[in-house]
Number of protein chains: 2
Amino acid sequence: MTDIAVVDRSGDTKGRTLIEAAYATLRNEIIDGTLEPGAKLRTEELRARYDVSGSTIREALTRLLGEALVTSEGQRGFRVAPASLDDFRDLTEVRKLIETEALRQAIAVGGEPWESEIVAAFYRLSKTEERLREDPAGASAEFEQRNRDFHRALIAACPSPWLHRLHALLYQQSERYRRLVASKRAIPRDVHAEHQGIFDATLARDSDLAVRLAGEHIERSVLALATLLAARDREAAAG
Amino acid sequence: MTDIAVVDRSGDTKGRTLIEAAYATLRNEIIDGTLEPGAKLRTEELRARYDVSGSTIREALTRLLGEALVTSEGQRGFRVAPASLDDFRDLTEVRKLIETEALRQAIAVGGEPWESEIVAAFYRLSKTEERLREDPAGASAEFEQRNRDFHRALIAACPSPWLHRLHALLYQQSERYRRLVASKRAIPRDVHAEHQGIFDATLARDSDLAVRLAGEHIERSVLALATLLAARDREAAAG
DNA sequence: GTCAACAAAAATATCGATATTAAACCGATT
DNA sequence: AATCGGTTTAATATCGATATTTTTGTTGAC
């Protein structure tokens, strides 16, 4: 006679089913770095932490397998997917390919509702960027959310479900790396100006320019991480 | 030591763990059409059929979720992913994008080992194509295998793990549609000639031509399915 | 000291049963 | 006839325990 008759909906962990809840929590913790790349994911430990059964955890982990956020080897359990600069470089190139194609298609067919959604998303993002300048730590989660919304709004009019699916997959992957950079206060970038450029070009229906700017925007994040890691290596060597 | 722990499991239904075995079998049955698009996947039924426990089936199904071969809705269980001409059209466009990019990169950096693997794969494929002409039903599984091997060999030298991953995902999806066409005896296509063209252009390192031919090759399968479905609709209307 | 063989110990994979939820049914009411 | 409520039935989601496999640790030989 345990007490859980109604699914506990505490915190950011939404999901009507227990598996979905565990899945969402786990995913967040992997993306925001709480669970570090390569870390072993013991079912017993997680089971205790989330207060659910082993099979429930197992199924949540299996889902993350499909999103390449965890790996699983034979009879040796699960781990958080490893992260490396090489992987990020590769990921970024492919994301650029997908995202720019989606953007091009969106610009080609998007109508007024699409445009106004972009305007709204850009406005919200800009507001959060201001807040971020005052309170870098506090507004960070909100910034990630709105950044994602803005990028999604840009390509929302792209008619290809598969492009959207792949984009979601790749974006999520890169979000993990981005947070790593953000948490370690990397070189300051004028992200707002970059967004503004993409925004203007998109609404002006200038495909080539929008695609070019978006591509550069995506690439810059790699540069940021590479610089960060290089600096860390130097520190490690010196200290 | 970089580890891509994704087991190859191409084709066969064996696997070290029961879950993997169930997963492989299920996947094959979905791809080859034994389990029809949209069909309900009751755990109890599958449990009995494969003689394993419910959770085992459940986990196998969850894996297929990540490959978009099954869908799952809230508390309403699993189904085989639906198939439609629209989906196939979309899928094909995106696959073209990925596969041609991978091919371009492979041609740019591939060395002699890559070339010789292509020659070997092309030879094997050609042999099977001959056999297929005599025994259309019997050699079909082998043809699928070798066709896949050939396409994979073409892009094997592409250095991007993410492109390979996406390609595998999309290729698998389209394989399901292709088998549908094959089983219904569609309009005859000179697939061999198409393969020959891609083969020649690739070994000649003519990126633009190879990419163009590969793109057309991929597109033709859509045409085949569209024609087939149109014919079926006419029959249904008439009969 | 290194290695191998083997015995605990830990972790994973798998099971069968139970609790929860959605679907099917069915009669009463408008 | 169609719709609404409540009841039964079927299916799913979840659990806790067991069977297997991997990892760890120890001892004895070389």
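Residues numbered from 1 in each chain as written. Chains lettered and ligands numbered in written order. Predicted model: local features only at pLDDT ≥ 70, side-chain atom pairs only at ≥ 80, totals over all residues. Heavy atoms only, no water.

A. Structural view of the nonpolar core. Counting residues in hydrophobic clusters, the biggest one holds 79 residues, and the most contacted among them are A:Phe150, A:Leu225, B:Leu103 and B:Phe150. Among the elements that make up this core, the one with the highest residue count is helix 4 (residues 85-109) of chain A (nine residues). Among all residues touching B:Phe150, those that are not within four sequence positions of it are B:Ile118, B:Ala121, B:Phe122, B:Leu125, B:His195 and B:Phe199. (Core = buried A, V, L, I, M, F, W, Y, C linked by side-chain atoms within 4.5 Å. Buried < 20%, exposed > 50% of the residue type's maximum accessible area, 1.4 Å probe, protein only. Helix = DSSP H or I, 4+ residues; strand = E, 2+ residues; numbered from the N terminus. Contact = heavy atoms within 4.5 Å.)

B. Inspection of the protein's contact with DNA strand D at higher detail. For DNA strand D, the set of nearby residues contains 19 residues, the closest of which are A:Thr17, A:Leu18, A:Ser53, A:Gln75 and B:Arg58. The contact in question runs from a phosphate oxygen of DNA strand D to an N or O atom on the backbone of B:Gly74, over 2.9 Å. When contributions to the surface near DNA strand D are tallied by element, the ones reaching two or more residues are helix 1 (18-31) and helix 3 (54-66) of chain A together with helix 3 (54-66) of chain B. Grouping the constituent residues of the surface near DNA strand D by class yields three nonpolar, 10 polar and six charged. (Near = heavy atom within 4 Å. Polar contact = N/O pair within 3.5 Å; in protein donor to acceptor, adjacent residues only side chain to side chain. Nonpolar A, V, L, I, M, F, W, Y, C, P; charged D, E, K, R; others polar.)

C. Up close: the relation of the copies chain A and chain B. Superposition record for chain A on chain B: RMSD 0.1 Å, screw rotation 180°, translation along axis 0.0 Å. In symmetry terms, the pair is related by a two-fold rotation axis. Measuring from the rotation axis to each C-alpha of chain A, the shortest distance belongs to A:Gly66, at 2.0 Å. Counting the interface residues of chain A, we find that 94% of their copies in chain B are interface residues as well, pointing to one common contact surface. (Least-squares fit on C-alpha atoms with pLDDT ≥ 70 in both.)

D. Fine view of the protein's contact with DNA strand C. A:Arg58, B:Thr17, B:Leu18, B:Gln75 and B:Arg76 are the nearest of the 20 residues found near DNA strand C. A share of 84% is what sugar and phosphate atoms reach among the atoms of DNA strand C within 4 Å of the protein. A distance of 3.2 Å separates a phosphate oxygen of DNA strand C from a polar side-chain atom of A:Thr43. B:Ser53 places a polar main-chain atom, nitrogen or oxygen, 2.8 Å from a phosphate oxygen of DNA strand C. Of all the elements in the fold, those that place two or more residues in the surface near DNA strand C are strand 1 (40-41) and helix 3 of chain A together with helix 1 (18-31) and helix 3 of chain B. Residues that form the surface near DNA strand C fall into these classes: five nonpolar, 10 polar and five charged.

E. Local environment of the interface of chain A and chain B. Each partner contributes residues to the interface: chain A has 32 residues there, and chain B has 31 residues. Both sides of the chain A and chain B interface together cover about 2,700 Å² of buried area, and 61% of this is carbon and sulfur. Sorting the residues of chain A by area buried against chain B places A:Glu59, A:Leu97 and A:Trp162 first, and these three jointly supply 24% of that buried surface. Between chain A and chain B we count two salt bridges in total. Two residues, A:Arg58 and B:Glu59, come together in a salt bridge whose shortest N-O distance is 2.5 Å. Here chain A and chain B share 10 residue pairs in polar contact (both at pLDDT 80 or more) between them. (Buried area = accessible area lost by both parts, 1.4 Å probe. Salt bridge = Lys/Arg side-chain N within 4 Å of Asp/Glu carboxyl O.)

F. Local environment of the sheet that holds strand 3 (residues 78-80) of chain A. Residues and elements named next belong to chain A. Taken in spatial order, the three strands of this open sheet run 1-3-2, and their pairing is antiparallel. Of all the strands in the sheet, just strand 1 and strand 2 (70-72) have a single pairing partner and so form its edges. Note that strand 1 and strand 3 share two bridges and pair antiparallel. Paired with Leu41 across the strands is Phe78, a residue of strand 3. (Pairing = 2+ DSSP bridges.)

G. Highlighting empty space enclosed by the protein. Evaluated as defined, the whole model comprises two cavities of 30 Å³ or more. As a volume, the largest cavity reaches approximately 50 Å³. For the lining of the largest cavity, the secondary-structure elements that each account for two or more residues are helix 4, helix 6 (140-155) and helix 9 (207-238) of chain A. A breakdown of the residues in the lining of the largest cavity according to their chemical character gives six nonpolar, two polar and one charged. Put simply, the second largest cavity is a space of about 30 Å³. Together, B:Glu99, B:Leu103, B:His151, B:Leu154, B:Ile155, B:Ile198 and B:Ala214 line the second largest cavity. Looking at the lining of the second largest cavity, the elements that each hand over two or more residues are helix 4 (85-109) and helix 6 (140-155) of chain B. For the lining of the second largest cavity, the element with the most residues is helix 6 of chain B, which contributes three residues. Class assignment for the residues of the lining of the second largest cavity results in five nonpolar, one polar and one charged. (1 Å grid on protein atoms, 1.4 Å probe; cavity = no way out; pocket = protein on both sides within 12 Å on 5 of 7 lines; lining within 4 Å. Points joined across faces, edges and corners; volume = space filled by probe spheres on them.)

H. Representation of the packing of aromatic side chains within the structure. This structure, assessed with the given rule, holds six aromatic pairs over all chains. Here A:Phe88 and A:Tyr177 contribute two aromatic rings whose centre-to-centre distance is 4.5 Å and whose plane-to-plane angle is 25°, an arrangement assigned as stacked. With A:Phe88 in helix 4 and A:Tyr177 in helix 7 (residues 161-183), this residue pair connects regions lying 89 residues apart in the sequence. Each member of the pair A:Phe88 and A:Tyr177 is classed as buried. Between B:Phe122 and B:Phe199, the ring centres sit 4.1 Å apart and the planes meet at 15°, which makes this aromatic pair stacked. (Phe/Tyr/Trp six-rings, centres within 6.5 Å; stacked < 30°, edge-to-face > 60°.)

I. Here's a closer look at the sheet that holds strand 3 (residues 78-80) of chain B. One open sheet holds the three strands; their spatial order is 1-3-2 (chain B), and the pairing between them is antiparallel. Single-partner strands in this sheet number two, and they are strand 1 (40-41) and strand 2 (70-72) of chain B.

J. Just the domain arrangement of chain A, in detail. Residue and element names in this part refer to chain A. For chain A, the assigned domains read domain 1 (18-80) and domain 2 (85-238). Between the C-alpha centres of domain 1 and domain 2 the distance comes to 27 Å. Domain 1 puts 10 residues into the contact, and the matching count from domain 2 is six residues. Between domain 1 and domain 2 the total buried area reaches about 680 Å² when both faces are included, carbon and sulfur atoms providing 53% of it. (Domains from an automatic or database assignment.)

K. Up close: the pattern of salt bridges. Residues and elements named next belong to chain A. All told, the structure shown has 38 salt bridges over all chains when counted by the stated rule. Taking the shortest distance from any N to any O, the salt bridge between Glu29 and Arg49 comes out at 3.3 Å. Remark: Arg49 occurs in helix 2 (residues 43-50) and Glu29 occurs in helix 1; sequence separation between them is 20 residues. When its relative accessible area of 14% is taken as the criterion, Glu29 is described as buried.

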